[in-house]
Each structure stands twice: as structure tokens, then as C-alpha cells.
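Now for the letters of each chain:
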Amino acid sequence: MKLTKIFALSLCLISLSHSIFVSTQNTEQSTQYNKEYEAFNVEVFGQGKPIILIPGVSSSASVWKQTVEYFSDRYQLHALSLSGFAGVNAAPAEVVGANFIEFQKNAISEYIRLNKLEDVVIVGHSLGGTLGLWLATENHPQISAVVNIDGLPALGALIGNQQASSSETPRSFDPKSMVKSMAHNEAWHPQMLNEMMTSDPMTSGRAFGELMQLDLRDKLVKIERPVLTIAAPAQAEPYVSYDVTKNNYLTQMANIPDNLKYLVYAKSAKHFIMADEPEWMFNQIELFLSSL
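All chains use their own residue numbering, which begins from 1 and follows the written sequence. Totals for whole chains, interfaces and linings use every residue, but because this is a predicted model, local features are given only for residues with pLDDT of at least 70 and side-chain atom pairs only at 80 or more, for both listing and counting. Side-chain figures throughout are based on the complete set of non-hydrogen atoms in the structure, without hydrogens or water.

A. View of unusual backbone geometry. Of note, the bond from E237 into P238 is cis; its omega dihedral lies within 30 degrees of zero at 5°. Strands are runs of DSSP state E lasting at least two residues, helices are runs of H or I lasting at least four, and both sets are numbered from the N terminus onward. Along the polypeptide, P238 turns up in the loop between β8 (227–231) and α10 (242–252). A positive phi angle is found at S126, which is not glycine, with a value near 60°. With respect to the helices and strands, the residue S126 is situated in the loop between β6 (120–125) and α5 (127–136).

Structural data, given as C-alpha cells:
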């Protein structure tokens, strides 16, 4: 399968305000609380510099469990579950408006403002990484840096270029096979499949359709904050070589100013890098944060 189709299906499946206070509880290491908003639910852990964790299409905050455990002793982690994904109620159409992804972007910005967060780091996976890139192109002084985990600024352009030169026949949709293609770590497969199957199909389909049309490449020149992209070139093997896949990431991120652009590549991880190479990923984020 071509790299572009792997990206497309991964985003389609798994990577594919402000109302009710729910609960407060004390844990041994930190205060944890949950809130429900129209755009997303939020779980907050720890104290310190704030990090907002954004999952991908049809995923929830649970994909950040190990990330929270690793960083919550010295950072405040805000783990989001977006509306319509993984059992979270879909936001009303009249609230979402014309564009779901833009609705989420604006809601995250408003969440930062309402909670008076400063020096915020956005960490996003897949769709969450794309949202982080979009936020970085705007003037949000509260945001100090972005970590983009295997997200793309122009998924549709990548797929269009590939399809123009491909004669491959599309394959039938098999959720279990696709979940396996997104992570080597089999322990993650049941959770990934469950979150996909409990997501609202209309919301997931809409988000993927919008990702296909979104093109942030020209906007990337406006970025004024450091951006770390953590990529997974090995996910396309054996259909596309590791080096060719690396070049695709470089091309997509080309317009980020060189002095603010950081790219690192997992050795063997598939799309869910936090499942396959968590310690390496945490180390890359730690090094990046320490350099800010």
C-alpha cells in the first residue's frame, strides 16, 4: 500500500463552550479533574508548565496515558477527548458551524484564554498535530511551542499527488487489519479498535473530509514558535522506503522557518509512535522542551 493511503486510512480511523463541571478528586501525586465542554472533554493532571494533549480522529485522551504518567510530576497535562470521538458526545451542528477542525482549533484557543494559561506547549497526534500546526500559524502569545506527532499540514495534497501516479486498486475496509497497521504494539489494538467503533461516524467522516481539503503549507511561513515534528517513516515499509517517506515529511514541513523547525524520525514505529516507541518519543519531547 502506498504511503499516502496509509496516512489517509490512519487519519480516517484513529488519528480518522464551556458548560458542566463534572468532578474533582485528589490523587497521590497531583490534583486531577475533568471538565466537559461542547468541543471536547478535558482531563487535567499535575502542576507546572501547561501542556495540552490533542489526540487524532477517533481517538481519546487515553492515548496519552503513558505521556501523562511520564510528565505529570513536573508539568500540568491537559488531555483532550474531542467531541464525537471514542464515545464523547458529538457537538451540535449549530455549534460546530461550517468546519469541524476550525471549530476545534478555535475552542482550544478559547480554552487557553478562559483558563488563563501561559507558556503553553501544544502536543498533538495526527489530527491533533495538524491542529497544533494551525494554531502555531496564528498569533497566540500564550502558546510557546508545538510538538506535532505524525500530523500533516496538507494530507489531501499528498494523497492527490500519489493517486495521480498510482494504478493500485483500493482495498476493502477491514477495521481490525487497519488497527494492526497503525501500531506494532498488540496491547494497544483492542483500545484503538474500541475507540474507532464508539466514535460518531458522521463526525469522523467529516473530520477526515476536512483534512483532505485543508492545506496549511502556505501558512507555515507565519510560524513564530518552535515546532518539533516527530515522524514515523517506517510505517510505509515495505511499500515505500524509509528515505522516501522522510522526504515526504520534509516537503510537507518545508515552509516552517528553518530556525524554528525540528524534525526527528522514529526507527521502527508505526503511526501510533506513543504505542511503539514511547520512551524514545518522551525523550525527544523532553529534549525539545529543555531547549525552549
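There's more to say after this.
B. The arrangement of the packing of helix α4 (residues 100–114) against α5 in detail. Helix axes use the C-alpha atoms of the stretch in contact, all axes being lines fitted to C-alpha atoms, and the angles between their N-to-C directions lie in the range 0 to 180 degrees. One way to put it is that α4 packs onto α5 with a least axis distance of 10 Å and a crossing angle of 65°. You can see that α4 and α5 cross each other, and the crossing is right-handed. On α5, the residues touching I101, E102, Q104, K105, I108 and S109 of α4 are L127, L131, W134 and L135. Put simply, a crossing is left-handed when the front helix is turned counterclockwise from the back one by less than a right angle, and right-handed when it is turned clockwise. Residue contacts are counted whenever heavy atoms from the two residues lie within 4.5 Å of one another.

C. Spatial organisation of the pattern of salt bridges. Whenever a carboxyl oxygen of Asp or Glu lies within 4 Å of a side-chain nitrogen of Lys or Arg, that contact is scored as a salt bridge. Inspection of every chain in the model, using the stated rule, returns 9 salt bridges. The shortest N-O distance in the salt bridge between K49 and D119 comes to 3.5 Å. Of the two residues, K49 sits in strand β4 (residues 49–54) while D119 sits in the loop between α4 and β6, which places them 70 residues apart along the sequence. We classify K49 as partly exposed; its relative accessible area is 23%. One salt bridge in this structure joins K65 and E69, with 2.6 Å as the shortest N-O distance. Taken as a pair, K65 and E69 lie in helix α2 (residues 65–71) at a separation of 4 residues, close to a single helical turn. Using a 1.4 Å probe on the protein chains alone, a residue whose accessible area is under 20% of its type maximum counts as buried, one over 50% counts as exposed, and one in between counts as partly exposed.

D. Representation of the environment of A269. Looking at where A269 falls in the secondary structure, it is placed in the loop between β9 (261–265) and α11 (273–276). Residue classification places A269 among the buried positions, given a relative accessible area of 0%. For the pair formed by A269 and A232, sequence separation is 37 residues and the distance between their alpha carbons is 5.8 Å. With residues up to four places along the chain from it excluded, the contact list for A269 reads H184, A232, A234, Q235, D276 and E277.

E. View of the side chain of D150. Within the secondary structure layout, D150 lies in the loop between β7 (143–149) and α6 (155–164). One buried charge, D150, has no salt-bridge partner; the nearest side chain with opposite charge is K270, at 12 Å. A distance of 2.8 Å separates a polar atom in the side chain of D150 from a polar atom in the side chain of Q235. In protein, a polar contact requires one atom able to donate a hydrogen and another able to accept it; more generally it is a pair of N or O atoms within 3.5 Å, and residues adjacent in sequence count only if both atoms are side-chain atoms. Of note is the side chain of D150, whose polar atom sits 2.5 Å from the side chain of Y249. In this tally, Asp and Glu contribute negative charge and Lys and Arg positive charge; neither His nor the terminal groups of the chain are included.

F. Up close: the pairing of β8. In terms of residue burial, β8 counts as a mostly covered element, since 5 of its 5 residues are buried. Here β8 shows no split at all, with V227, T229 and A231 on one side and L228 and I230 on the other all buried. For two strands to pair, DSSP has to find at least two bridges joining them. Note that β7 and β8 share 4 bridges and pair parallel. When the sheet's bridge partners are listed, V146 is paired in β8 with V227. Sheet analysis places β8 next to β9, joined by 5 bridges and oriented parallel. What sits directly across from I230, in β9, is V264. Throughout, right-handed denotes a crossover for which the path from the first strand over the helix to the second runs clockwise when the strands point away from the viewer. Assessed by its sense of winding, the connection that carries the chain from β8 through α10 to β9 is right-handed.

G. Layout of helix α9 (residues 201–213). Expected span, for any helix, means 1.5 Å times one less than how many residues it has. For α9, built from 13 residues, the straight-helix expectation of 18 Å at 1.5 Å per residue is met to within 8% by its first-to-last C-alpha distance of 19 Å. For α9, the full list of buried residues reads T203, S204, A207, F208, E210 and L211. Buried residues in α9, looked at end-on, bunch into an arc of 160°, giving them a common side. In α9, the exposed positions that point more than 90 degrees away from the buried face belong to P201, M202 and Q213. Picture the helix axis, draw a direction to every C-beta atom, and the arc is the one those directions span.

H. Fine view of helix α7 (residues 175–182). Of the positions making up α7, those classed as buried are M178, V179 and M182. Taken down its axis, α7 places every buried residue within 105° of arc, on the same side. Pointing more than 90 degrees away from the buried face of α7 are the exposed residues K176 and K180.

I. Representation of the environment of K261 in the model. Along the chain, K261 turns up in strand β9. A relative accessible area of 22% places K261 in the partly exposed class. When the C-alpha atoms of K261 and R225 are compared, they prove to be 9.0 Å apart, with 36 residues separating the residues in sequence. Apart from the residues within four sequence positions on either side, K261 is in contact with V227, M253, A254 and I256. Here A254 takes part through its backbone oxygen, which lies 3.3 Å from a polar atom of the side chain of K261. Here the side chain of K261 touches D258 through a polar contact of 3.4 Å, side chain to side chain.

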